[in-house]
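# Coordinate inspection notes
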Amino acid sequence: MNKLLIERNKLLKNIEIIKKYSRSKIIAVLKANAYGLGLIEFANILQQNGIDFFAVTDIKDALKLRENGISGQIIVLTPTNLPEEARLIIQNGIIATVGSRTSALVLNNAASSLSKTASFHLKIDTGFGRFGFLPQEIPDVCSFIKSLDNIQITGTYSHFSYSFSKKSKTAYAQYNTFMDTIEQMRQNGLEPGLRHICNSSAFLLFPEMHLDAVRIGSAFLGRILVKNTYVLERIGYLKSRIIETKELPKNHNIGYANTYRTKKPIRIGIIPIGYADGFGLVKRRDSFRLSDILSYIWRDVRLLRKKDWVIVNGKHVSILGRININNIVVDLTDTDAKVGDEVILDNINPLLVGIHVEREYI
Ligand SMILES: *Cc1c(COP(=O)(O)O)cnc(C)c1O
């Protein structure tokens, strides 16, 4: 009954805006079931619209893309230290990420045992503290990489830890470190290949950092943390139905923890959607700085009214009491809504919508 609807025309518009704005190759990032939009369908639409380079975090997703006719280049952003994964990467013509000596060795050995040359992008940790070589390791790493006969570098990249603001000092610092590291690679006889560092927000805020490619995920969904002056449209909303209506007298509790009590006789509607489907969830925001938290709170305050509403037959009605795991209760008093009527819930993030909820492109 519940569906996540994805507006194809808005997605096409976003793709066009991104293509127009890009000064370099676009790598579409499809992690987490393509940010909740459905891996294969989303990739197909991108491919039909000229995107021919994809990034995933899980080798399984790369294989699914290949099995479903995605013919462009695919890079796995997570370096692997497992020989069996390295073999799958090589056998399916996927680009690996090398971010440590072990991952380089594992890839080289797997390629050698298959009598092949594996293509990889080198990952530099310019300050994110996750995957990648540290810049100071680079001179040694270059000779090490060059000594491995069955791997071929085709790109070099890094990832920003904070690129949501033009004022981000770390973004400039990371970018400069990245450029210096690339210069070092060249001096040590290792050509970097395709250079890329921008995610969506850096792509929008720092056009001078586009380099040879940009890695775009959330901008396709129009869900960006930077001010949206780019007319990107937010994509994805939930559709459900009213499954029960009833009258409640004055002074009657609604829901867990007794947070709501009717002030007059009302008519309620029950909608079978809740936390389990991804409705009412917000992403954890504890990793951000105080100034960001404050701006989020401010945004939440402004959205609060909106958050407490759903749309029934084109009309906003309020949610009463707490959101449950599987249900919400809404106020239908001033409407003639009945069982079976459609409900639209647009204040959601597709990324958080449960995998059991059917995705439909409209
Ligand atoms: C998620 C991710 C991206 C894309 O980030 P968006 O901000 O959603 O565009 C790019 N690069 C890496 C390494 C990522 O993990």
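Residues numbered from 1 in each chain as written. Predicted model: local features only at pLDDT ≥ 70, side-chain atom pairs only at ≥ 80, totals over all residues. Heavy atoms only, no water.

## Notes on the pattern of salt bridges
Here the structure, examined in full by the defined rule, presents 11 salt bridges. Residues glutamate 191 and arginine 186 are paired through a salt bridge, measuring 3.4 Å at the closest nitrogen-oxygen approach. Note on arginine 186: relative accessible area 36%, which makes it partly exposed. Via salt bridges that share partners, Lys239, Arg241 and Glu342 belong to a single interconnected network. (Salt bridge = Lys/Arg side-chain N within 4 Å of Asp/Glu carboxyl O. Buried < 20%, exposed > 50% of the residue type's maximum accessible area, 1.4 Å probe, protein only.)

## Looking at unusual backbone geometry
Look at asparagine 33: it is not a glycine, yet its phi comes out positive at around 55 degrees. Within the secondary structure, asparagine 33 is located in helix α2 (residues 31-35). Looking at asparagine 33, the relative accessible area reads 23%, which means it is partly exposed. (Helix = DSSP H or I, 4+ residues; strand = E, 2+ residues; numbered from the N terminus.)

## Observations concerning the domain arrangement of the protein chain
The domains assigned to the protein chain are domain 1 (7-221) and domain 2 (237-345). Averaged C-alpha coordinates put domain 1 and domain 2 at centres separated by 40 Å. (Domains from an automatic or database assignment.)

## Some words on the environment of arginine 322
If you trace the backbone, arginine 322 turns up in the loop between β16 (315-320) and β17 (328-331). Sequence separation of arginine 322 and threonine 259 is 63 residues, and the distance between their C-alpha atoms is 7.1 Å. Those residues in contact with arginine 322 that sit more than four places away from it in its chain are Tyr256, Ala257 and Thr259. (Contact = heavy atoms within 4.5 Å.)

## A closer look at the packing of aromatic side chains
Applying the stated criterion to the full structure yields 5 aromatic pairs. Within the aromatic cluster, the residues linked to one another by ring pairs are Tyr21, Phe203 and Tyr230. The ring of phenylalanine 144 carries arginine 101 above its face, with NZ or CZ at 4.8 Å from the centroid. (Phe/Tyr/Trp six-rings, centres within 6.5 Å; stacked < 30°, edge-to-face > 60°. Lys NZ or Arg CZ within 6 Å of the ring centre and 35° of its normal.)

## Some thoughts on the nonpolar core
If you look at the biggest cluster of nonpolar residues, it comprises 105 residues, and the most contacted ones within it are Leu30, Phe54, Leu122, Phe220, Phe279, Val310 and Ile328. Formed jointly, this core draws a minimum of three residues from each of two domains, domain 1 (7-221) and domain 2 (237-345). With residues up to four places along the chain from it excluded, the contact list for phenylalanine 54 reads Ile27, Ala28, Leu30, Ala43, Leu46, Gln47, Leu65, Ile70, Gln73, Ile74 and Ile75. Core analysis: the second largest hydrophobic core is formed by 6 residues, Ile254, Ile266, Ile268 and Leu320 among them. (Core = buried A, V, L, I, M, F, W, Y, C linked by side-chain atoms within 4.5 Å.)

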